[in-house]
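Examining the three-dimensional arrangement
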Amino acid sequence: MGCCPKRSELARKIGFRAWLLGTTRGHWLVLFIAGCCIQVLCMLAWVLSGGNQNYGTNLRESFWIAYTLLVDIGTQTSFSPSERGVVRAVAVVISIIGFVYCLLFLGMVVELIRSLLLRWKVRYSRVEAHGHWLILGWGDKTIFLLEELLAALQTEEGSTSCCSCCRRRRRIVVLAERPVREMQAQLRLHFRTQDPQGAYKRLYCVSYREGCKSHRIELMKVCASAAEHILCMCSAETDSSSDHEAIRTLLALGALPEAIKADVWAEMHSRESARVVRQILPAAQGIVARHAVHHMVALRALVPSVGFAWLRMSTSNTRSGSKVSQLFLVKAPPALYGYPVKDIYRFFPDAAVCGVKTPSSMGDDANKMKAPSHHLEEGDELVMLSSSQHAAGHCILPETSPDFTTTSSLKAKRRGSNVLMDDGQIRLGPAADGPLTVLVIGCPDDFVDLLEIIDVYAASGSEVHLLSTRSLQWRESCVQTHLSRVGKLDFERISVTHYVGRRRDTTVLERLPLASADCALILSEREGEQEDAVDSDSRNLTIAINLFHVLEGMADVIKKNRQNKYLKKCKLVTEIQDPKSQVMLAGNSNVRKVGSFVFTSAHETGVFAIAVACKDVYDLFIKLIDPDPKTNAGSIVATPVSKVLMGRNESLSFFDLYRMVSEVCNGSLLGWRRSKEMHPVLNPSNKDVPLDWESQGRDELIILLPPPHQGHVVFEEVPKEEPTEELMKDPKDAHRLETSRLSSITSARQSPAHSAATTRKSSKESDALQEEEEDPAPIPGMLKCPTYESERAQA
């Protein structure tokens, strides 16, 4: 009990010292006490100096001269040069001490005023905006999103003739728990590096505010109720915390005094969480952009041309030098009413016609395109692949009736199959034919979603070898949880083999079946809670370079053991997330030679930008990339040009190939990949300029096929009759005769009676005919016609 008073006294002393040195009031008390002490010491120094004729050593005079020397540094200048040295020295010392004390006092006053103004600013300031784009949150994807939105603003300004004062009305507001100066610095640095003459100058339309995006008061201060679009971005690293943060933000938006009239887009990691979004806020829609990007990543490895096409269509980023190619909806021109969709491609020199949407589409068909034989009507919207909305609507109508005859004779043994194979595989190109060996290096939280996508596009008997530092128990638990959620017991066409090891170690990489690997996916895997995207990207680049050198050393062994002859070597696809890594790769050609790099964060924000620009285009985009036959609006496939040329070399333009593709498989030509070029070209320029095509070459055509229920029935070539001598003299007449024969035969055999007969014949006759004639691999999306095959075989 005797120690208690001492402890209480010690606590009081510690508490008083903490108040004195740790609070603003204590600081002011210390400053006042220090001023009093300095005043007394200066008085004593003046008395000891003996004073002068004007100021003596008594209390009143010494107090006043000490005070004036402290607060006014110029008082010492009034002393005569003939004064004693001691008096002048004391005056100088007192003036210096007073000058320092006054600076300290004024500094505290300035700090007090600054804190008061800052408190008022935080409490009463707000961003006055109307019809703006509001971005909630700051993370790795925010810079990419701002880049996409600024590119959309540039396209909008270029397609309109609005004055500059009207263009300033469009604003972008960012609300995040980051200092404003930090956000400004990151954005300016990024755009100064990328495009110092372009987007960097348009940052004047971006406003920033520091605050919590899930706080109702902060949302009111950025005029959330008056916004046109609200984008809730992920700022957390894990899936569960990110979705929880997005739901908190939606609850805050729903609690605003004024109803939300804007389109709210919330980025979610899981599709289960996305279903909750609309229940919480009717104006909101959850976007699982990573699921769509997983399709692109998988296709970039399995069917490289199709994967590249999807990556190009998902972003407006033009830093790679390629032309922007995105989907747009355009009102059908009245002059084209009555034209079939498949015959209007020549009227649009700056866009590729993909299809048409009608206003009568409801329910599940609301975002599906009509058949190419549909005749345009009032209210129809054309689905165009173009560089901008203005270019998509550029239509040139001829004065006379157009001639739709092709410049090549279609000597075709036209027989094919659906995109959906017998084993359930979604076959989008010859690169995915037969069993594949896929290497997956890295195990992110949603790796099972990627495995399920690979299971959709790979053929039966394919193998996936997964290498990661994560435990086998955790992986098996994730797989079983995901499969049970979708009602499956196991994957349908792939078998997964797990490996545990350090991914950067070459000895661990050599344990994988590299000799038979067809493609390798290097995914971002965060190995620590504090690890950021730059650390993950540096590790992925190290793995890609090590794996590239290991494969180069095994080139001879790989060439002997390779089963997929279509792909010349193992396709390396590496995931990159951080913007700084993207800048580095853009300027380093040596690293780009290692393989293909997919900037997943950039493409996820590209999907966001598509949703912001047009919700109908976003819904169509998702349904096109979704392989589910119930909701699928079509399929983008890659097919060798030899399947269209039918065995002969020709010089054809884009318009010629478009017409031939439409007749052969009822599809829409989007672009091509020439064997001498590294990447495919979508919506090429100069569509009327002929190019040389070899039937035995490795050139590919990128085609958009309609869904299976709109599949086009194709036929064998009718035996060619010998032309008369008169027609032989005039090659043009002979060409018209041949074209008319093909057209009449096609129209006759597309009659309802013939289409109904195709469903009554067995597939045995078609199999027998396939054994008799050695045809090349079929084009995806073409339907078999066993009736006509058997009739021709009997004839």
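Attention in this report is confined to the structure presented alongside it. (Residues numbered from 1 in each chain as written. Predicted model: local features only at pLDDT ≥ 70, side-chain atom pairs only at ≥ 80, totals over all residues. Heavy atoms only, no water.)

We now examine the nonpolar core. One finds Trp-310, Ile-454 and Leu-701 to be the most contacted residues of the largest nonpolar core, which totals 127 residues. Counting 27 residues, the second-largest nonpolar core is a separate cluster that includes Ala-224, Ala-252, Leu-253 and Leu-256. (Core = buried A, V, L, I, M, F, W, Y, C linked by side-chain atoms within 4.5 Å. Buried < 20%, exposed > 50% of the residue type's maximum accessible area, 1.4 Å probe, protein only.)

Let us look at the side chain of Ser-668. With respect to the element layout, Ser-668 can be found in strand S18 (residues 668-673). Among the polar contacts listed, one links the side chain of Ser-668 to the backbone oxygen of Cys-354, at a separation of 3.4 Å. Filtering out sequence-adjacent residues up to four positions away, Ser-668 remains in contact with Val-353, Cys-354, Tyr-658, Val-661, Ile-702, Ile-703 and Leu-704. (Helix = DSSP H or I, 4+ residues; strand = E, 2+ residues; numbered from the N terminus. Polar contact = N/O pair within 3.5 Å; in protein donor to acceptor, adjacent residues only side chain to side chain. Contact = heavy atoms within 4.5 Å.)

The next subject is helix H24 (residues 654-665). With twelve residues, H24 should cover 16 Å at 1.5 Å per step; its first-to-last C-alpha distance of 16 Å lies within 8% of that length. Counting buried residues in H24 gives eleven out of twelve residues, a clear majority hidden from the surface. The set of residues buried in H24 consists of Phe-654, Phe-655, Asp-656, Leu-657, Tyr-658, Arg-659, Met-660, Val-661, Ser-662, Val-664 and Cys-665. Looking at the buried positions of H24, the neighbouring elements they touch are strand S8 (351-357), helix H23 (642-645), strand S17 (650-652), S18, strand S20 (691-693) and strand S21 (700-705). Trailing H24 by a residue or two, Asn-666 shows a phi angle of about 65°, which is positive. (Expected span 1.5 Å × (residues − 1).)

Once that is clear, we can look at the pattern of salt bridges. Pairing of side chains with opposite charge becomes possible as their charged atoms draw close. Counted by the stated rule, this structure contains 23 salt bridges. In this structure, Glu-604 engages Arg-290 in a salt bridge whose closest nitrogen and oxygen atoms are separated by 3.1 Å. Here Arg-290 lies in helix H11 (residues 289-302) and Glu-604 lies in helix H21 (residues 600-613), a separation of 314 residues in the sequence. The pair Glu-604 / Arg-290 is uniform in exposure class, with both members buried. The partner of Arg-470 in a salt bridge is Asp-445, with the nearest N and O atoms 2.9 Å apart. Of this pair, Arg-470 sits in the loop between strand S11 (462-468) and helix H15 (472-486) while Asp-445 sits in the loop between strand S10 (437-441) and helix H14 (447-457), and the two are 25 residues apart along the sequence. (Salt bridge = Lys/Arg side-chain N within 4 Å of Asp/Glu carboxyl O.)

The next point concerns the pairing of strand S1 (residues 133-136). Side-chain alternation along S1 places Trp-133 and Ile-135 on one buried face and Leu-134 and Leu-136 on a second face that is also buried. Inspection of the sheet shows S1 paired to strand S4 (residues 229-232) by four bridges, in the parallel sense. By the bridge assignment for S4, Ile-135 is matched with Leu-231. Direction of pairing for S1 relative to strand S2 (residues 172-176): parallel, over a ladder of four bridges. (Pairing = 2+ DSSP bridges.)

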